[in-house]
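Results of the structural survey
What follows is each chain in one-letter form.
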Amino acid sequence: MPLVRSILAAARQTLLDVEALLLPVACLGCERPLPPTEERGGCCALCRYRMRPIAPPVCARCGQPVDRWDTATGRRAGAPVRREGPVEPGPAAARRGNCAWCRSWPAELGWAASAVWLEPGAARHLVHALKYGGWQCAAVPMAELMVRECGASLRAVDVLVPIPLGRVRERERGHNQAAELALALGALTGIPVEREALVRSRETRTQTALAPAERWRNLAGAFRATGPLGARRVALVDDVTTTGATLASAAAALASAEPGIIGAVTFARASVPA
Ligand SMILES: [Zn+2]
Ligand SMILES: [Zn+2]
């Protein structure tokens, strides 16, 4: 069988050559040339090190730093707590607590966690590379950071559900960045991904330019659950959390599929626009 073996070896080499053409030769975070050992990840070790994790003390429900919101609102947002994992289901009032950031979230969204801050530099570049640049491989280093920083929350998750894009936008973009992230997370953690559990019931305006109150209005009734989830614990997956409006709207819609507790995990967290 040496002929077959050499044909297979040649085919394998061709596939590797094609893959090399499709993988970035510069880091997607800082555009410096990637050392050959780091090429497959698309993001250099220095960028991974420099992205700033969201450090405790954080709100046990939404993962937002507690001190930050004490300062922003002039109110105490609750005793600082270290997040050990998702908050267990309980009475909505108890889960709401008095954190300024998640107080207005619907009861269906039990917890949310993000890996890093969406700051200028690597975090922002990776988000753009995945969303607009066509670099689907950026999902891998992003998912690795999500596992590193949100691992405790993910250990109590049975199924990953990406935030769906509208059909028109997905066609324009060619892919859904949240689905790419969910698939990369699923591959790293072994948690199954259900891409179709949640769909957009209507097209919405892009959230980027909207003020917080408009974001909530824009998303009212935007999602629809497609079938029962059988009491499984769900983590919604998205690239960026800004106000939490998308996650809250998606969780409220997904509740009709009767899952267990619904949480959300995102790669980056942006500050709320003033
Ligand atoms: Zn880099
Ligand atoms: Zn909170």
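Quick caveat, the model's predicted, so the values are computed rather than measured.

**Things to note about the overall build of the protein chain**
In terms of helices and strands, the protein chain carries 10 helices and six strands. Here the protein chain, with 274 residues, has 42% of them falling under the buried criterion. Taking the contacts inside the protein chain whose residues are at least 6 apart along the sequence as the reference set, 72% of them involve residues at least 24 apart.

**Looking at the sheet that holds strand β6 (residues 262-269)**
Taken together, four strands build an open sheet; the order of strands is β1-β6-β5-β2 and the sheet is parallel. Edge strands, defined here as strands with exactly one partner in the open sheet, are β1 (109-117) and β2 (159-162). Going across the sheet, the axis of each strand differs from the next one's by a mean of 25°, ignoring polarity. Note that strand β5 (residues 234-241) and β6 share seven bridges and pair parallel. Bridging from a neighbouring strand, Val240 pairs with Ala268 of β6. Sitting on the sheet, helix α8 (residues 177-189) is in contact with β2, β5 and β6, with an inclination near 125° to β5. Packing against the sheet, helix α10 (residues 245-254) makes contact with β1, β2, β5 and β6, and its axis sits at approximately 160° to β5.

**Focus on the confidence of the model for the protein chain**
Detailed conclusions should not be drawn from predicted coordinates in areas where pLDDT is low. On average, residues of the protein chain score 81 in pLDDT, and 78% of them reach the 70 mark or higher. Confidence over residues 76-85 falls short of pLDDT 50; this stretch has 29 contacts with residues more than four positions distant or in other chains. Considering only residues more than four positions removed or in separate chains, one finds that residues 88-94, a stretch of pLDDT under 50, has four contacts.

**Observations concerning the nonpolar core**
Counting residues in each nonpolar core, the largest one holds 77 residues, and the members touching the most others are Leu126, Met142, Leu181, Leu236, Val237 and Leu254. Composition of this core by domain shows at least three residues from each of domain 1 (1-50) and domain 2 (51-269). For Leu254, the residues in contact, after removing those within four places along its chain, are Val161, Leu198, Ala225, Val234, Pro259 and Ile262.

**Details of α8**
For α8, with 13 residues, the first-to-last C-alpha span of 18 Å sits near the 18 Å given by 1.5 Å per residue. Among all positions of α8, only Gln177, Ala178, Ala179, Glu180, Leu181, Ala182, Ala184 and Leu185 are buried. Where α8 is buried, its residues touch α5 (122-131), α6 (139-154), β2, β5 and β6. After α8 finishes, the residue Gly190 shows a positive phi value of roughly 80°.

**Regarding the environment of Leu165**
In this fold, Leu165 is placed in the loop between β2 and α7 (167-173). Its 20 C-beta neighbours within 10 Å are what place Leu165 among the buried residues. For Leu165 and Leu198, which are 33 residues apart along the polypeptide, the C-alpha to C-alpha distance reads 10.0 Å. The residues touching Leu165, leaving out its near neighbours within four places in the chain, are Glu170, Asn176 and Arg200.

**Structural notes on the pairing of β6**
The element β6 is extensively covered by neighbouring structure, given that eight of its eight residues are classed as buried. Sheet analysis places β1 next to β6, joined by seven bridges and oriented parallel. Across the sheet, residue Val116 finds its bridge partner in β6, namely Ala268.

**Some words on unusual backbone geometry**
Between Pro56 and Pro57 the backbone carries a cis peptide bond, its omega angle lying at 10°. Along the chain, the position of Pro57 falls in the loop between α2 (45-50) and α3 (66-73). Non-glycine residue Glu258 carries a positive phi angle of around 50°. Residue position: Glu258 is located in the loop between α10 and β6.

Definitions and limits used
- Residues numbered from 1 in each chain as written.
- Chains lettered and ligands numbered in written order.
- Predicted model: local features only at pLDDT ≥ 70, side-chain atom pairs only at ≥ 80, totals over all residues.
- Helix = DSSP H or I, 4+ residues; strand = E, 2+ residues; numbered from the N terminus.
- Buried ≥ 20, exposed ≤ 12 C-beta atoms within 10 Å, placed from the backbone.
- Contact = placed C-beta atoms within 7 Å.
- Pairing = 2+ DSSP bridges.
- Axes fitted to C-alpha atoms, helices over the stretch in contact; angles between N-to-C directions.
- pLDDT = per-residue confidence, 0-100.
- Core = buried A, V, L, I, M, F, W, Y, C linked by C-beta atoms within 7 Å.
- Domains from an automatic or database assignment.
- Expected span 1.5 Å × (residues − 1).

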